[in-house]
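Listed below, chain by chain, are the residues.
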Amino acid sequence: MNIRLLAKRNIQGNAQRYLAYFFSIVLSVSIFFIYASFIFHPDVVHANIPGGQLISKGLIAAEIVIIIFSVFFIAYSNAAFIQPRKKEFGLLTLLGMSKSQLRKLIYLEQTMVSLISILIGVGLGFLFSKLFLMAISWLLAVEQPISFVFVPEAFVYTIVGFVLLFQLLSLLSLFHIGNAEVVDLLKDKQKPKKTPFVSKWLIALSAVCLSISYYLAGTMSLNNSYRVLPIVFFVLIGTYFLFSQSIVALCSRLYRKKKSLYGGTNLITQTNLIFNIKDYSRLFFLTSIITAVILTAAGTLFMFSADLKKQGMDNIPQSIGWVEHDASIYSVIEPSAVENTLKEDGFKILYEVNMTGVPITHMLPHMRTGEPNENRSLLISESDYNNAAALRKIEPAKLSGKEALYIFPYGGLDYQFVHKGEQKELHFGNRTIQVTMIGQRNQSIVAPIKAATTLMVVDDQLYHEITADVPLKEKVRVRGYEIKDWEESMETAAKIEKMSNNPDHNQLQTRAPIYQEMKQGSILILFIGLFVSLLFFIVQGSMMYLRVFTNLKDKKIQIHALHRLGLTKKEIRQILSAEIRILFFAPFLIGVIHAIVAYVALSNLLESNLFVYSAMVIATYFLFQLLYYQVTKKMYERAVINSIK
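Residues numbered from 1 in each chain as written. Predicted model: local features only at pLDDT ≥ 70, side-chain atom pairs only at ≥ 80, totals over all residues. Heavy atoms only, no water.

J.: Honestly, the overall build of the chain in this entry has me stumped. Any pointers?
T.: Scanning the chain from N- to C-terminus turns up 21 helices and nine strands. By residue count, 50% of the 645 residues in the chain fall in the buried class. Counting only contacts in the chain whose residues sit at least 6 apart along the sequence, the fraction spanning at least 24 positions is 82%. In the structure as shown, the chain presents an accessible area of about 32000 Å², 63% of it carried by carbon and sulfur atoms. (Helix = DSSP H or I, 4+ residues; strand = E, 2+ residues; numbered from the N terminus. Buried < 20%, exposed > 50% of the residue type's maximum accessible area, 1.4 Å probe, protein only. Contact = heavy atoms within 4.5 Å. Areas by Shrake-Rupley, 256 points an atom, 1.4 Å probe, with all protein chains shown as cover.)

J.: What is the right way to look at the packing of helix α13 (residues 308-315) against helix α18 (residues 511-550) in this model?
T.: For any two helices packed against each other, one specifies the inter-axial angle together with the distance between the axes. Put simply, α13 and α18 touch, their axes get as near as 10 Å, and they point 145° apart. Of the two possible hands of crossing, α13 and α18 adopt the one that is right-handed. On α18, the residues touching Leu308, Lys309, Gly312 and Met313 of α13 are Arg511, Tyr515, Met518, Lys519 and Ser522. In the contact of α13 with α18, the residues fall into four nonpolar, two polar and three charged. (Axes fitted to C-alpha atoms, helices over the stretch in contact; angles between N-to-C directions. Left-handed = near helix turned anticlockwise from the far one by under 90°. Nonpolar A, V, L, I, M, F, W, Y, C, P; charged D, E, K, R; others polar.)

J.: So what exactly am I meant to see when it comes to a positive patch on the surface here?
T.: Judged by side-chain charge, Lys569, Arg573, Lys634 and Arg638 come together as a positively charged surface patch. Residue assignment for the positive patch shows that the elements contributing at least two residues are α20 (569-606) and α21 (611-641). Along the polypeptide, Lys634 turns up in helix α21. (Patch = residues over 30% accessible without salt bridge, like charges linked within 9 Å, V, L, I, M, F, W, Y side chains within 5 Å. Salt bridge = Lys/Arg side-chain N within 4 Å of Asp/Glu carboxyl O. Lys, Arg positive; Asp, Glu negative; His and termini not counted. Charge placed at Lys NZ, Arg CZ, Asp CG, Glu CD.)

J.: Quick question: what am I supposed to make of the nonpolar core here?
T.: As a rule of thumb, nonpolar side chains are buried together in soluble globular proteins. One finds Tyr21, Tyr35 and Phe38 to be the most contacted residues of the largest nonpolar core, which totals 100 residues. Of the residues forming this core, the biggest block, 16 residues, is contributed by α20. Counting residues in each nonpolar core, the second largest holds 24 residues, with Met355, Val446, Ile449 and Val478 among its members. (Core = buried A, V, L, I, M, F, W, Y, C linked by side-chain atoms within 4.5 Å.)

J.: I keep staring at the environment of Trp201 and nothing clicks. Help me out?
T.: Considering the arrangement of structural elements, one finds Trp201 in helix α9 (residues 200-218). Spatially, the C-alpha atoms of Trp201 and Gln245 are 9.5 Å apart, while their sequence positions differ by 44 residues.

J.: Explain empty space enclosed by the protein here, please?
T.: The rolling of a water-molecule-sized probe over the atoms marks out the regions of remaining empty space. Enumeration according to the criterion identifies five cavities of 30 Å³ or more in this entry. The element that contributes the greatest number of residues to the lining of the second largest cavity is helix α6 (residues 99-140), accounting for three residues. (1 Å grid on protein atoms, 1.4 Å probe; cavity = no way out; pocket = protein on both sides within 12 Å on 5 of 7 lines; lining within 4 Å. Points joined across faces, edges and corners; volume = space filled by probe spheres on them.)

J.: Even after reading the chapter, I still don't get the pairing of strand β5 (residues 423-428), so can you show me in this structure?
T.: Covered by surrounding structure in β5 are Lys424, Leu426 and Phe428 only, the residues Gln423, Glu425 and His427 on the alternate face being uncovered. Bridge count between β5 and strand β6 (residues 431-442): six bridges; the pairing is antiparallel. In the strand pairing of β6, Glu425 is matched with Gln434. Taking the residues between adjacent antiparallel strands as the criterion, β5 and β6 are bridged by two residues, where Gly429 takes a positive phi near 60°. (Pairing = 2+ DSSP bridges.)

J.: Would you mind showing me how to read a nonpolar patch on the surface here?
T.: Together, Ile116, Ile120, Leu124, Leu127, Phe128, Leu131 and Met134 make up an exposed nonpolar region whose accessible area comes to about 660 Å². Looking at where Leu124 falls in the secondary structure, it is placed in helix α6.

J.: Is there a simple way to explain α9 in this structure?
T.: Think of an α-helix as 3.6 residues a turn; residues three or four steps apart then line up on the same face. If you check α9, its first and last C-alpha atoms are 27 Å apart, about what 19 residues at 1.5 Å a residue would give, namely 27 Å. Within α9 the residues assigned to the buried category are Ser206, Cys209, Leu210, Ser213, Leu216 and Ala217. The arc enclosing the buried residues of α9, seen along the axis, measures out at 130°, which places them on a common side. Every exposed residue of α9 that faces more than 90 degrees away from the buried side is listed here: Lys200, Trp201 and Tyr215. (Expected span 1.5 Å × (residues − 1). Arc of directions from axis to C-beta.)

J.: Looking at this model, I keep getting lost on the side chain of Ser614. Mind explaining?
T.: In this fold, Ser614 is placed in helix α21. Setting aside residues no more than four positions away along its own chain, Ser614 makes contact with Met303 and Tyr599.

J.: Help me out: how do you make sense of the layout of surface pockets in this one?
T.: Roughly 650 Å³ of volume is contained in the second largest pocket. Those elements that place two or more of their residues in the lining of the second largest pocket are α9, α10 (228-255), α12 (266-306) and α20. Here the residues of the lining of the second largest pocket sort into 18 nonpolar, four polar and no charged.

J.: Help me out: how do you make sense of unusual backbone geometry in this one?
T.: Phi is mostly negative for residues that are not glycine, and the peptide bonds are mostly trans. In this structure, Lys393 is a non-glycine residue whose phi angle is positive, near 60°. By the element assignment, Lys393 lies in the loop between α15 (382-391) and β4 (403-408). Despite not being glycine, Asp485 shows a phi value in the positive range, around 55°. Asp485 gets classed as partly exposed once you look at its relative accessible area, which sits at 46%.

J.: Whenever I open this one, the confidence of the model for the chain confuses me. Can you help?
T.: Detail in the predicted coordinates should be disregarded across regions flagged by low pLDDT. Confidence along the chain averages 80 in pLDDT terms, with 84% of residues attaining 70 or more. Within the chain, the lowest mean pLDDT, 51, falls on helix α8 (residues 182-187), and the highest, 94, falls on strand β7 (residues 455-458). (pLDDT = per-residue confidence, 0-100.)

J.: I would appreciate a short explanation of the packing of aromatic side chains in the present structure.
T.: Taken as a whole and judged by the stated rule, the model has 28 aromatic pairs. Taken together, a centroid distance of 5.3 Å and an interplanar angle of 75° make the contact between Tyr240 and Phe241 edge-to-face. One aromatic cluster is present, built from ring pairs that chain together Phe537, Phe584, Phe585, Phe588, Tyr621, Phe622, Phe624, Tyr628 and Tyr629. Sitting over the ring of Trp486, Arg511 keeps its end group 4.7 Å from the ring centre. (Phe/Tyr/Trp six-rings, centres within 6.5 Å; stacked < 30°, edge-to-face > 60°. Lys NZ or Arg CZ within 6 Å of the ring centre and 35° of its normal.)

J.: How should helix α14 (residues 335-344) be read in this particular structure?
T.: Burial in α14 covers these residues: Pro335, Val338, Thr341 and Leu342. The arc that holds every buried residue of α14, seen down its axis, measures 130°, which confines them to one face. Exposed residues on α14 whose side chains face more than 90 degrees from its buried face are Lys343 and Glu344. Check the buried side of α14 and you find it contacts β1 (320-324), β2 (349-365), β8 (476-483) and α17 (490-499). Of the residues trailing α14, Gly346 is marked for its positive phi of about 80°.

J.: I would appreciate a short explanation of the pairing of β2 in the present structure.
T.: On a regular strand, each side chain points to the face opposite its neighbour's, so the side chains alternate between the two faces of the sheet. Here β2 runs beside β8; their pairing, made up of eight bridges, is antiparallel. Bridging across to β8, Ile349 finds its partner in Ile483. Across eight bridges, β2 lies against strand β3 (residues 372-381) in antiparallel orientation. Bridge pairing in β3 links Leu364 to Asn373. Taking the residues between adjacent antiparallel strands as the criterion, β2 and β3 are bridged by six residues, where Gly370 takes a positive phi near 80°.

Next up, the structure:
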């Protein structure tokens, strides 16, 4: 028997414990390799693929996330593997193994597992990279699919990177066991566990931090998006003390309720929980944060993709819209040309917009500094505004006398440039008009282009008084057409763009190309994000699996003793199921609450009701979590109950 053979047999003997860890590492390496294959693909490097460089940047960011996450997961797993084997290491030391030989044994075990994981991960990544390239080709809608080629850089970066990562973390883990005395290793499991201490101040701190983070998230908008970092900080602090203090206090309180404590198997379940809750707290904290990250990231990507059509219609009010700076002629494009093209391509016109206005200047505060700055707007009549608003199902304006309403076209930006009752001077040529503002609306009714980007709406009578002697050539005309099935009008939009006299592409706006470009980008981001979310899910499930099987030997001893005292196998299954259920679903519940608060903040940012989308994401994640729980429970019950004679 030598150390190399002993390490090999130790791995074989702990195969069940290593299973989830091994699978997670293989998946991490595979995804990393697939992404690297695309990043270093010759067609991407030489910019032969439209949009390839943009995707490459997203994949590089994903690679960094995978590496950072792998560091924490491997470090946690190494500690989880070493902790239950301290008695084993103590016996080996007692039998004559030196500390250097013990370090070598642990190092060889971790190196063997890591090398096998890396080789299998790279092999699977190489096999599935063809499917990944086919999927990217379809999403990018390229004429020729991206060719499957051998990318040496992907092999080098993946193998060398993960080998170095494993070696570094393995060496660091040796210090955890190498300096321990034999007596400490042998008696580590015999140390009695004390009732966990609870601080009321830390419980209060947890409640305060979570309350602050939830309030900041619930009231967040584009104007105060800087709140993200404080929210993350308070969530981390609050969640850590929630599990290390508040949950411990709750368990202690339940333990003191003797009536429920002595019912069924509650005595054993609650006793095990209260004496292990301190050990569980770090795991609960990590997995709840991972759950919140997965749900928030996946939900954000899914919601943004699902809400993309609404965003397109909100920000680009008509399918085709343009602005003529001389209202007496059509210099950009003739309306008849647009109508004929739409008719020829089979698109039905739902409505059209045709309004004129006068360009004016006025003072508005700067968004960052608050200092007054001169801004341009298009002065239009209340009737023209209400007619266009009715077509877009927007509440009409109600003005009288010298009242005015300011229209800012971007609904996602919650910033008030004007306030109700504010007196404002509108300048046109040498004329100055004093108006009283009734407020501001952040919504668009016509194409927000050039002079028509922002609108100033006034009463019809006041508008006619101001513009009565203004010739048509000094006015601005805004035209727009809304069509049915506009998402399919890519080719038609291209024809209209080509026919127009719009060399700078800043006077005519078509919705379909912008929407399709945003849709393509969001699908690609969603595609990449789902891979990373899947990895996170597998890893957090693996951490649960490791925690369950780490104390398998001790659990077998406890269950065997309880069985001899008269507990049936049915009652033993109830105890095991309850313990695993707490491990899987206590952090899941907190993670879901965090994610729901994040969804509320996202709904505020997008000004949309995202309840259905968020419910779908949470329900899908719950089903995967339930499946993982059932598999782990069956394996755990089988391993424990089969040991009962």
